[in-house]
Amino acid sequence: MRTRTPLTCTVALVAASLLAAAGCAKNDSGSGGADAAPRTVKPVAGCGAGSWTDPADLAADRKPARCDKGAPAPQPLAKKRKVTVATGTLSAEYVAPLQVAVAKGEFAKEGLDVELKVLPTPDALPLLAKGDVDAQWAAPEAAVMNGINGGFDIKWVAGNFSPDPTSKSGLWVRLKKGESAGHVDMAGRRMGTMIGKGSVIAYPMDTSLKKHGGGLDKISFQQLGSADVLTALQNGGVDSAWLLDPVWRKVDGDKRYAFMGGQPVGEPLGGLLFGPTLLTEDPDAGVAFLRAYIRTVNTYFAGDYKSDPAFVTELAKLMKIDEATLRSTPSMRMDWEIRKGTTDRLQQAYSDAGVSEGKPPVPEEKAVDRATYGEAVGHRL
């Protein structure tokens, strides 16, 4: 019998809490369900052919979908609706579009009163499944997929970002004698990370490790606080680490360290999860939410948003982070679309990591909904 690591047990406990909430989860039929009536999708001004890209296109140089600035235009709901969104943090750059949408009144233009509520993912998932929160800014992590396998009405409905090609956020290793960036043996390494095996980062991490004789099953993990990961790599506490923006800047250019790879360019791994309230009970509000989110991306994050000094200053104040730190890394490619096969690749990594044992893979159509953002930009699937 395999001995469970603390990381594996953490995922198992989160999944168990989700399954324990099953009796309270709402299971009405509706948008995305087998009995749902087809929704009318109309052309949207300002959202032309470029507002949708082929989900199967995984090219690193794929241009993310875009509408014109200010599009899609608001379509206020007949009745004002309160929407609560759980997020693990408000200081990370990938959350910025939601914060800007609130600050600039983009959600309010749709008749939505949006509250961003900071909650750890393990605490938020059962609430999402029961409908106590309406949406979650997170990712289809192992606990989420296990929950869907258990019958929960939760779907990944929009992406968040993919990294700039020049970003080196990802797997870094301290080189041993005789090693170079092109020749590193990762098997047996001890990795420091604030992200467990059940996170979506397991997918790019596994890919990078396998290129160098490793794999999630061939290394050991040491979970550390965000402020401790770099320190542990530098002082020898661990010999590899997953370094996020802008921490990797501290070792970039130092010949003692090598960058092994990061998140695939052009493939968002997280974003927005909807629970039953926005999927099935009030899909109009779900479309309105995505319309505001997409409009915010098109208006404020369409390209190199950090080239605007005034906006960077505004963003740093909104996120409550140091402006110089925000400027030190390239702009993210904000991207609301979801690529084909991402959840399959994620689940393979979870299986390799041993955090989805005994569970059949969740088919993509059960975990992903592209119809809602398709309707927001006027694209019929």
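Everything numeric in this text was worked out from a predicted model, so none of it was measured.

Details of unusual backbone geometry
Cis peptide bonds are those with omega within 30 degrees of zero, and the linkage from Ala-71 to Pro-72 qualifies with -5°. Residue Asp-245 is joined to Pro-246 through a cis peptide bond whose omega torsion reads -5°. Relative to the helices and strands, Pro-246 is located in the loop between strand 9 (240-243) and strand 10 (257-262). The backbone of Lys-320 sits at a positive phi, close to 60°, despite the residue not being glycine.

Topic: the nonpolar core
Of all hydrophobic cores here, the largest spans 93 residues; its most connected members are Val-85, Leu-112, Leu-272, Phe-274, Phe-289, Phe-301 and Leu-315. Among the elements that line this core, the one with the most residues is helix 8 (residues 283-300), at 9 residues. Not counting residues up to four positions away in its chain, the partners in contact with Leu-272 are Ala-135, Gln-136, Trp-137, Lys-155, Trp-156, Val-157, Ala-158, Phe-289 and Leu-290.

Quick word on helix 2 (residues 96-103)
Most of helix 2 sits inside the fold, with 6 of its 8 residues counted as buried. Among all positions in helix 2, only Ala-96, Pro-97, Leu-98, Gln-99, Val-100 and Ala-101 are buried. Those residues of helix 2 that are buried are in contact with strand 1 (81-87), strand 2 (112-118), strand 3 (135-138), helix 8, helix 9 (309-319) and strand 12 (333-334). Remark: Gly-105 follows helix 2 within two positions and exhibits a positive phi of approximately 75°.

Some details on the packing of aromatic side chains
Inspection of every chain in the model, using the stated rule, returns 10 aromatic pairs. Measuring from ring centre to ring centre gives 6.3 Å for Phe-274 and Phe-289, while their planes differ by 80°; the resulting arrangement is edge-to-face. Of this pair, Phe-274 sits in strand 11 (residues 271-274) while Phe-289 sits in helix 8, placing them 15 residues apart in sequence. Taken as a pair, Phe-274 and Phe-289 share a single burial class, namely buried. Judged by centre distance (6.4 Å) and plane angle (90°), the ring pair of Tyr-305 and Phe-311 falls under edge-to-face. Residue classification places Phe-311 among the buried residues on the basis of a relative accessible area of 8%. Each member of the aromatic cluster is reached from another via a ring pair, and the members are Tyr-300, Phe-301, Tyr-305 and Phe-311.

Reading the values: rules and limits
- Residues numbered from 1 in each chain as written.
- Predicted model: local features only at pLDDT ≥ 70, side-chain atom pairs only at ≥ 80, totals over all residues.
- Heavy atoms only, no water.
- Helix = DSSP H or I, 4+ residues; strand = E, 2+ residues; numbered from the N terminus.
- Core = buried A, V, L, I, M, F, W, Y, C linked by side-chain atoms within 4.5 Å.
- Buried < 20%, exposed > 50% of the residue type's maximum accessible area, 1.4 Å probe, protein only.
- Contact = heavy atoms within 4.5 Å.
- Phe/Tyr/Trp six-rings, centres within 6.5 Å; stacked < 30°, edge-to-face > 60°.

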